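Chain residues, written in single-letter form:
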Amino acid sequence: MKILILIFALISVTRAVTFNCTFTMHSSTNLPSIYTCFTQTVSNINEETLTAVFGDHATGKSFADVGFVYVNRVQSLTYIPNGIENFFPNLIALQFSSCNISTLSGHELDAFNNLKWFAFTYQSNFERVPESLFARTPLIQTAFFDNNNIKIVGENLLTSLSQLTYANFGANSCVNRGATNSSQLSALIEYLRTNCNEFPCG
């Protein structure tokens, strides 16, 4: 019995997702300098739930101070892990860039009710943005989807985001434009509806 328990424990460990973070201050477009977990190393990716985070915090800082998780250039990563919010309860910004994520279910952001800034970029095989992606994140102000291979955008993806002020859909298959004010956002939403619809007009 002890041997079986040990084997199960070893399997569980090897199937756990872990982030190896560099904790630092970071800023980006429309995002002032903020305490960040920056990682280019995601280990044991056979399981989709984050179970451990490694890295040395800056003096006086803790997981509760992290406002931004930035995952960059992890080609072995094919999904957004579950459970990020369990380690970083106060996130307002989340970025996945240059990974190998080809699909989203639409529920990846459901746990991030306070999210204001989201970037999902440079995913060369990503073609479809699900309509429900921002259903539980009404505070979104900035959204990046540039440099993917987007062909379809859920019709009402952006319409419920009353605080949205900036969106970038540049360098995609069906769209190559962005918006930085309300009139441009209205035009972008109409463009996406016409040109990136699952059932194109005309």
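Because the structure is predicted, anything quoted here is derived from the model rather than measured.

*Asks:* Explain the state of the cysteines here, please?
*Replies:* Between two cysteines, a covalent bond joining their sulfur atoms is known as a disulfide. For the structure on display, the rule yields 2 disulfides. Between Cys 21 and Cys 37 runs a disulfide, and the two sulfur atoms are separated by 1.9 Å. Because the sign of the S-S torsion sets the handedness, a value of about -60° for the bond joining Cys 21 and Cys 37 places this disulfide among the left-handed ones. One end of the pair, Cys 21, is in the loop between strand 1 (17-20) and strand 2 (22-28); the other, Cys 37, is in strand 3 (residues 31-39), and 16 residues separate them in sequence. Accessibility classification places Cys 21 together with Cys 37 in one group, the buried group.

*Asks:* Hey, could you run me through the pattern of salt bridges in this one?
*Replies:* If the charged atoms of two oppositely charged side chains come close together, the side chains can form a pair. Counted by the stated rule, this structure contains 4 salt bridges. In this structure, the salt-bridge partner of Glu 127 is Lys 151, at a minimum N-O distance of 3.6 Å. Taken together, the residues span a long stretch of sequence, with Glu 127 in the loop between strand 8 (117-121) and strand 9 (128-129) and Lys 151 in the loop between strand 10 (142-144) and strand 11 (152-153) at a distance of 24 residues. Owing to a relative accessible area of 33%, Glu 127 belongs among the partly exposed residues under this scheme. Across the salt bridge formed by Arg 128 and Glu 198, the nearest N and O atoms sit 3.1 Å from each other. Taken together, the residues Arg 128 in strand 9 and Glu 198 in the segment after helix 3 (182-195) connect sequence positions 70 residues apart. Given a relative accessible area of 41%, Arg 128 falls into the partly exposed group. A single salt-bridge network, built from bridges that share partners, covers Glu 155, Glu 190 and Arg 193.

*Asks:* It is not clear to me how the sheet that holds strand 8 should be interpreted in this structure. Could you clarify?
*Replies:* Pairing within the open sheet is mixed, and its 8 strands lie in the order 2-3-6-7-8-10-12-13. Unpaired on one side and paired on the other, strand 2 and strand 13 (178-179) mark the two borders of the sheet. When strand 7 (residues 93-97) meets strand 8, the two strands line up parallel, connected through 5 bridges. Within strand 8, the residue paired with Gln 95 across the bridge is Ala 119.

*Asks:* So what exactly am I meant to see when it comes to the confidence of the model for the chain here?
*Replies:* Detailed conclusions should not be drawn from predicted coordinates in areas where pLDDT is low. A residue-level look at the chain finds 90% of positions with pLDDT of 70 or above and a mean pLDDT of 91. Low pLDDT, under 50, characterises residues 1-14; the stretch is placed with 2 contacts to residues that sit more than four places away or in other chains.

*Asks:* Can you help me understand the packing of aromatic side chains in this one?
*Replies:* In the structure shown here, the tally under the stated rule is 15 aromatic pairs. Ring geometry for Phe 118 versus Phe 134: centroids 6.0 Å apart, planes at 85°, classification edge-to-face. With Phe 118 in strand 8 and Phe 134 in the loop between strand 9 and strand 10, this residue pair connects regions lying 16 residues apart in the sequence. Assigned by exposure class, Phe 118 and Phe 134 land together as buried. Ring geometry for Phe 145 and Phe 169: centres 5.1 Å apart, planes at 25°, overall stacked. Taken together, the residues Phe 145 in the loop between strand 10 and strand 11 and Phe 169 in the loop between strand 12 (166-168) and strand 13 connect sequence positions 24 residues apart. Here the two residues Phe 145 and Phe 169 agree in accessibility, since each one is buried. Taken together, Phe 38, Phe 68, Tyr 70, Trp 117, Phe 144 and Tyr 166 form an aromatic cluster joined through their ring pairs. Looking at Lys 61, its charged tip hangs above the ring of Tyr 35, at a distance of 5.4 Å from the centre.

Each value, and the rule that gives it
Residues numbered from 1 in each chain as written. Predicted model: local features only at pLDDT ≥ 70, side-chain atom pairs only at ≥ 80, totals over all residues. Heavy atoms only, no water. Disulfide = S-S within 2.5 Å. Helix = DSSP H or I, 4+ residues; strand = E, 2+ residues; numbered from the N terminus. Buried < 20%, exposed > 50% of the residue type's maximum accessible area, 1.4 Å probe, protein only. Salt bridge = Lys/Arg side-chain N within 4 Å of Asp/Glu carboxyl O. Pairing = 2+ DSSP bridges. pLDDT = per-residue confidence, 0-100. Contact = heavy atoms within 4.5 Å. Phe/Tyr/Trp six-rings, centres within 6.5 Å; stacked < 30°, edge-to-face > 60°. Lys NZ or Arg CZ within 6 Å of the ring centre and 35° of its normal.

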